[in-house]
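Here is how the chains run, residue by residue.
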Amino acid sequence: MIKISPSMLSCDFSKIGEEAKKIANSGADMLHLDVMDGHFVPNITFGAPVIKSIRKVTDIVFDVHLMISEPLKYIEDFIRAGADIITFHVESDSDVKETIEKIKSLSCKVGLSVKPGTPIEKVFPYLDDIDMVLVMTVEPGFGGQSFMGDMCEKIVTLRKKLDEMGKTTDIQVDGGINEETVCLVAKAGANVIVAGSSVFNSDSYEKAISSLRSNAEINAL
Ligand code: DX5
Ligand code: ZN
């Protein structure tokens, strides 16, 4: 099933609560919240207190993407703030298995992400334990970058591996996704679509979300 998760990184932060509500009322399935620590990636965004504030204004699924060096340290904070799914990076300094267990023990869903330079095979040992794999289609750190088309091969390899295992695990893509590039990732086997600038820079969030969804559905496997 195709799910659309607009990234709040491109919203107007002076009215973040209003923006979150607007996205939730525009047909989105989830809200993608990008947490950056200025260490794992060369940018700083927001943390658990901001997420907790947004939680008060909407009950949409919170899809929290941790681009931080030590996710294990902060899992409880993000779950307490209202995360429904927490995705962290296989390249982080925390023990991957331990971090997955911690998230699951607190009844939250788990995603595992790979940066563009990391082989997709790095997530294979964990596929039995996770709900989602996030294949980054730009270098994490900033919104508005160009889509890296060669990441589609990773999505194809991962979908094939999941099929062989008899799993329907979600494959999320993040970075440079718009009306055109969504066709390529959906064709490759991705089903959870993150989009920041293409949604927030559009005249109508509702129209942007619905065209991402229909283009993904037409091209889905
Ligand atoms: C980048 C973030 C993305 C970002 C995507 O590191 O993980 O979620 O907001 O922005 P766009 O869709 O503009 O590439
Ligand atoms: Zn993200």
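Residues numbered from 1 in each chain as written. Chains lettered and ligands numbered in written order. Predicted model: local features only at pLDDT ≥ 70, side-chain atom pairs only at ≥ 80, totals over all residues. Heavy atoms only, no water.

(A) How the structure looks around the sheet that holds strand 8 (residues 192-195). Strand order in the open sheet formed by 8 strands is 1-8-7-6-5-4-3-2, with parallel pairing between adjacent strands. Pairing within the sheet leaves two strands with one partner each, and these edge strands are strand 1 (3-6) and strand 2 (30-36). For this sheet, the mean angle separating the axes of adjacent strands, direction not counted, is 20°. With 4 bridges connecting them, strand 5 (residues 109-114) and strand 6 (residues 132-136) associate as parallel partners. Of the residues in strand 6, the one forming a bridge with leucine 112 is valine 133. (Pairing = 2+ DSSP bridges. Helix = DSSP H or I, 4+ residues; strand = E, 2+ residues; numbered from the N terminus. Axes fitted to C-alpha atoms, helices over the stretch in contact; angles between N-to-C directions.)

(B) Expanded view of helix 1 (residues 16-24). When we look at burial in helix 1, the residues that qualify are Ile16, Glu19, Ala20 and Ile23. For helix 1, the buried positions fall inside an angular range of 100° around the axis, keeping them on one side. At its buried positions, helix 1 is contacted by strand 1, strand 2, helix 2 (48-55), helix 7 (197-200) and helix 8 (205-219). (Buried < 20%, exposed > 50% of the residue type's maximum accessible area, 1.4 Å probe, protein only. Arc of directions from axis to C-beta. Contact = heavy atoms within 4.5 Å.)

(C) Looking closely at the site of ligand 1. Neighbouring ligand 1 are 20 residues; Ser7, Gly141, Asp174, Gly176 and Ser197 lie closest to it. One of the side-chain nitrogen or oxygen atoms of serine 197 is found 2.5 Å away from an oxygen atom of ligand 1. When ligand 1 sits alone it has 390 Å² of accessible area, and the protein chains cover 100% of it. Of all elements in the fold, only strand 2, strand 3 (61-67) and strand 8 reach the threshold of two or more residues within the shell around ligand 1. Looking at the shell around ligand 1 element by element, the count peaks at 3 residues for strand 2. Of the residues in the shell around ligand 1, the class split is 8 nonpolar, 10 polar and 2 charged. (Near = heavy atom within 4 Å. Polar contact = N/O pair within 3.5 Å; in protein donor to acceptor, adjacent residues only side chain to side chain. Areas by Shrake-Rupley, 256 points an atom, 1.4 Å probe, with all protein chains shown as cover. Nonpolar A, V, L, I, M, F, W, Y, C, P; charged D, E, K, R; others polar.)

(D) A look at the nonpolar core. In terms of nonpolar packing, the biggest core is built from 65 residues, with Ile51, Val64, Leu66, Ile86, Leu158, Val185 and Val199 touching the most fellow members. Per-element accounting of this core gives the leading share, 5 residues, to helix 8. Ignoring any residue separated from it by four or fewer positions in sequence, one finds leucine 66 in contact with Val35, Pro71, Ile75, Phe78, Ile86, Thr87, Phe88 and His89. Within the second largest apolar cluster, 5 residues are counted, among which are Leu9, Met36, Val41 and Met67. (Core = buried A, V, L, I, M, F, W, Y, C linked by side-chain atoms within 4.5 Å.)

(E) View of the coordination of the zinc ion (ligand 2). Surrounding the zinc ion (ligand 2) are the protein donor atoms His32 (NE2), Asp34 (OD), His65 (ND1) and Asp174 (OD), which sit 2.0 to 2.3 Å from the metal. Taken together, the 6 donor atoms coordinating the zinc ion (ligand 2) and their angles of 71 to 169° define a geometry best described as octahedral. Sequence positions of the donors to the zinc ion (ligand 2) reduce to the motif H-x1-D-x30-H-x108-D. Here aspartate 34 is found in strand 2, whereas its partner aspartate 174 is found in strand 7 (residues 170-174), with 140 residues between them in sequence. (Donors = N, O, S within 2.8 Å, 3.2 Å for Na, K, Ca; no water. Tetrahedral: all angles 85-135°; square planar, octahedral: opposite > 155°, others 65-115°.)

(F) Representation of the pattern of salt bridges in the model. Following the criterion strictly, the structure yields 11 salt bridges and no others. Arginine 80 is paired through a salt bridge with glutamate 76; the nearest N and O atoms lie 3.4 Å apart. With arginine 80 and glutamate 76 both in helix 3 (residues 71-81) and 4 residues apart, the pair spans about one turn of that helix. For arginine 80, a relative accessible area of 62% translates into the label exposed. (Salt bridge = Lys/Arg side-chain N within 4 Å of Asp/Glu carboxyl O.)

(G) Expanded view of the packing of helix 6 (residues 181-188) against helix 8. Interaxial distance between helix 6 and helix 8 falls to 8 Å at its minimum, and their mutual angle equals 40°. With respect to the hand of their crossing, helix 6 and helix 8 are arranged in right-handed fashion. Facing helix 6, whose interface residues are Val182, Cys183, Ala186 and Lys187, helix 8 presents Leu212, Asn215, Ala216 and Asn219. (Left-handed = near helix turned anticlockwise from the far one by under 90°.)

(H) Spotlight on the side chain of threonine 118. Looking at the secondary structure, you find threonine 118 in the loop between strand 5 and strand 6. Residue classification places threonine 118 among the buried residues on the basis of a relative accessible area of 11%. Residues in contact with threonine 118, not counting those within four places in the same chain, are Val90, Glu91 and Lys154.

(I) Region of the structure containing the side chain of serine 69. Looking at the element boundaries, serine 69 is found in the loop between strand 3 and helix 3. A polar contact of 2.5 Å, which involves the side chain of serine 69, links it to the side chain of histidine 39. Within the structure, serine 69 has its side chain in polar contact with the backbone nitrogen of phenylalanine 40 (distance 3.5 Å). Contacts of serine 69, omitting those with residues within four sequence positions, involve Asp37, His39, Phe40, Ser92, Asp93 and Ser94.

Note that every value here comes from positions in space, so none of it alone points to a role or purpose.
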